[in-house]
Amino acid sequence: MSVGRFTFASLDQQTHHEVDYEEPDRYQGLYGIDGDRLMIARGSGLSYVAASFGEGVKSVGLRHFNRVLSFEPEERRIRVEAGMTIGALQAFLVDYGLLLPVQPGHPEITVGGCVACNVHGKNQYKEGLFDAWVDEMEVVHPDRGVQRCRADDDDPLFRLTCGGYGTTGIICSAVLRLVPLPSRVIRQKLIRVRSLEETADCVQERKEDFDLLYSWNDLSGFGKTYGAGYVLTGVYEDEDAMADLDWSSQPLDPSRRKARLPLMNKLSVRSVSRAYHAMMKRSDNKLLSLTRVSYPAAKLGFYFDLYGNRGFLEHKVLIPLDRYRQYFEKLERLQRDLGEPIPLVSMKVFRGSSRLVSYDGEGISFTVDVFNSPGGRALLGGLDTIDTDLGAIASVYVDSRLSAEVVRRQYPEYEQFKEGVARLDPKRLFRSSLTERLDL
Ligand SMILES: Cc1cc2nc3c(=O)[nH]c(=O)nc-3n(C[C@H](O)[C@H](O)[C@H](O)COP(=O)(O)OP(=O)(O)OC[C@H]3O[C@@H](n4cnc5c(N)ncnc54)[C@H](O)[C@@H]3O)c2cc1C
């Protein structure tokens, strides 16, 4: 077991804390974890917000628990330790022609992090959230010991652990269901769109047609291309034309202390956006490898540094289908009033229903990255009001400034989640900066 004191930072650079860190390397250490103080599990520490650390809280790293425990290829089921990264898992599966259907955009993200944030992949509409593919888990808590919970038992431990942000204990392992890998190659095609509204119409109307479907839009300026962009579509090809898979990624360590030059700023944002637009245009009708499509951020770690040491803020909101026109009108008015450029905008289509504090439901998932500046903060403050007024829900694991009050108003099952966790753990041992801020 290695121990030490480290300063951890959230990916958006909004939260830094010096904390005690413990990294068990044997089951004895993990199962026998001491319950004498507040703690929280930590995967790769890549969350946008401070989800796996907090002031006065010990972080427990799962890095050493990264193995495959059992594998039944014919049954398409695998049991893995929670510290295994999705990239390592998929690299193992590819030779068996199998795919983990829901994967967030970076290969270093761990299975534990995927369960605890109940993440989505590139096509939530077709694949659902991560929990749709988890059959069983083993969770340890100092007071309850090691417990197994299953998806089909309607077990509160299972329900609260998926999208529970680490509050129910430490996930040691998970049994995941897999699907056949259609191919190692995806043909990407772009659909040009002229506005946010047209983008939402497009992803909504074409949702059945593609394996991948999301957009990039330009809100970096207020000219006639305001809101224009591309819908990126992808379909698995039958042929194995380009089977070379690159599993490597650029190191991404938000906690590393370094000088980050703010190359993305209000003066450069238009040019960066134009350059990105041109790069994207060149990717039309191209065959892309599974790794490139699954982990678009693998080689783009530098993007997060472009905002400098002040960092950035991300806001991701699920807008009901009958409200997105209104939403985009209000957003445009707000943005023009503030004169605040938005460097990154993306949309996806979702289906499902609101559950506890998971980011789930039916609608258009709309993501923006903004500058950590008074204007950027004013913009997101305005969006909080628009979100709540229009019945949208904001994702709690990406936005470092979201308040408990806003989340309580947006998530109908917020209290149910809190009560459920308190029943499992009256002492509420597992906390982080995120759970403290949101009073979860
Ligand atoms: C480049 C990039 C792209 C991303 N793309 C997407 C995306 O497409 N879709 C999406 O939904 N998200 C996306 N994310 C967000 C990311 O999937 C989540 O924040 C994820 O939780 C990070 O996993 P991690 O291993 O780094 O966990 P950490 O950041 O270390 O922890 C995240 C949470 O999981 C809990 N946790 C971790 N391991 C365990 C465990 N073993 N037991 C109990 N709790 C645990 C922690 O306590 C914490 O609450 C992206 C993030 C990045 C950096």
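Our subject is the structure that appears above.
This report concerns the structure included in the present document.

Cut-off values and rules
- Residues numbered from 1 in each chain as written.
- Predicted model: local features only at pLDDT ≥ 70, side-chain atom pairs only at ≥ 80, totals over all residues.
- Heavy atoms only, no water.
- Pairing = 2+ DSSP bridges.
- Helix = DSSP H or I, 4+ residues; strand = E, 2+ residues; numbered from the N terminus.
- Core = buried A, V, L, I, M, F, W, Y, C linked by side-chain atoms within 4.5 Å.
- Buried < 20%, exposed > 50% of the residue type's maximum accessible area, 1.4 Å probe, protein only.
- Domains from an automatic or database assignment.
- Contact = heavy atoms within 4.5 Å.
- Disulfide = S-S within 2.5 Å.
- Lys, Arg positive; Asp, Glu negative; His and termini not counted.
- Salt bridge = Lys/Arg side-chain N within 4 Å of Asp/Glu carboxyl O.
- Expected span 1.5 Å × (residues − 1).
- Near = heavy atom within 4 Å.
- Polar contact = N/O pair within 3.5 Å; in protein donor to acceptor, adjacent residues only side chain to side chain.
- Areas by Shrake-Rupley, 256 points an atom, 1.4 Å probe, with all protein chains shown as cover.
- Nonpolar A, V, L, I, M, F, W, Y, C, P; charged D, E, K, R; others polar.
- Phe/Tyr/Trp six-rings, centres within 6.5 Å; stacked < 30°, edge-to-face > 60°.
- Lys NZ or Arg CZ within 6 Å of the ring centre and 35° of its normal.

Read from one edge of the open sheet, 8 strands run E15-E12-E14-E13-E17-E18-E16-E19, paired in antiparallel fashion. What marks the edges here is a single partner per strand, and that holds for strand E15 (286–289) and strand E19 (393–394). Where strand E12 (residues 185–193) and E15 come together, 4 bridges link them in antiparallel fashion. Note on E15: the bridge partner recorded for Ile186 is Leu288.

Here the focus is the nonpolar core. Counting residues in hydrophobic clusters, the biggest one holds 69 residues, and the most contacted among them are Leu89, Phe130, Met137 and Leu176. For this core, the leading source of residues is helix H3 (residues 111–117), giving 4 residues. For this core, the two domains that each supply at least three residues are domain 1 (68–181) and domain 2 (185–405). With residues up to four places along the chain from it excluded, the contact list for Leu89 reads Ile78, Val80, Met84, Leu100, Val111 and Leu176.

Attention now goes to the state of the cysteines. In protein chemistry, a disulfide is the covalent bond that joins the sulfur atoms of two cysteines. What the rule picks out here adds up to 0 disulfides. With no disulfide of its own, Cys114 lies 8.4 Å from the sulfur of Cys117, the closest cysteine sulfur. Judged by relative accessible area, Cys114 falls into the buried class, the value being 0%. Between Cys149, a free cysteine, and Cys162, which holds the nearest cysteine sulfur, the sulfur-to-sulfur gap is 7.4 Å. Taking the relative accessible area as the measure of exposure, Cys149 reaches 1% and is therefore buried.

To continue, consider the side chain of Arg428. Inspection of the secondary structure puts Arg428 in the loop between helix H13 (414–424) and helix H14 (433–437). Despite its burial, Arg428 remains without a salt bridge, the nearest opposite charge being carried by Asp425 at 4.7 Å. Here Arg428 is in contact with Leu38, Thr167, Val421, Ala422 and Leu440, once residues within four sequence places are set aside.

Next up on the list: helix H11 (residues 374–389). An α-helical segment advances 3.6 residues per turn. Residues three or four places apart therefore align on the same side. Between its first and last C-alpha, H11 extends 23 Å over 16 residues, near the 22 Å set by a 1.5 Å rise per residue. For H11, every residue scored as buried is listed here: Gly375, Gly376, Leu379, Leu380, Gly382, Leu383, Asp384, Ile386 and Asp387. On its buried face, H11 sits against strand E16 (312–319), helix H10 (324–338), strand E17 (342–350), strand E18 (363–371), E19 and helix H12 (404–410). Backbone geometry just downstream of H11 places Gly391 in the positive-phi region, at approximately 75°.

What follows deals with the site of the ligand. Around the ligand, the surrounding shell holds 33 residues, and the nearest of these are Ala41, Gly43, Ser47, Thr110 and Tyr397. At 2.8 Å, a backbone N or O of Gly43 approaches an oxygen atom of the ligand. Protein contact buries 97% of the 960 Å² of open area that the ligand shows by itself. Secondary-structure elements contributing two or more residues to the shell around the ligand are strand E3 (39–42), H3 and strand E10 (170–177). Counting residues per element, the shell around the ligand draws most heavily on H3, at 4 residues. When the residues that make up the shell around the ligand are grouped by side-chain class, the tally is 19 nonpolar, 13 polar and 1 charged. The two domains that each donate at least three residues to the shell around the ligand are domain 1 (68–181) and domain 2 (185–405).

Enumeration according to the criterion identifies 25 aromatic pairs in this entry. Residues Tyr327 and Phe366 carry aromatic rings whose centres are separated by 6.1 Å and whose planes lie at 70° to one another, so their mutual orientation is edge-to-face. Linking Tyr327 in helix H10 with Phe366 in strand E18, this pair joins segments that are 39 residues apart in sequence. For the pair formed by Tyr327 and Phe366, the shared burial category is buried. Grouping aromatic residues by their ring pairs yields a cluster made of Tyr48, Tyr303, Phe304, Tyr307, Phe312 and Phe371. Positioned above the aromatic ring of Phe8 is the side chain of Arg42, whose terminal nitrogen or guanidinium carbon lies 3.6 Å from the ring centre. The residue whose ring lies beneath Arg351 is Tyr125, and the NZ or CZ to ring-centre distance is 4.0 Å.

Right, let's talk about the pairing of strand E13 (residues 212–219) for a bit. With 8 of 8 residues buried, E13 is to be regarded as a mostly interior element. Across the two faces of E13 the burial is the same, with Leu212, Tyr214, Trp216 and Asp218 and Leu213, Ser215, Asn217 and Leu219 all buried. Inspection of the sheet shows E13 paired to strand E14 (residues 229–236) by 6 bridges, in the antiparallel sense. Its bridge partner being in E14, Ser215 is matched across the sheet by Val231.

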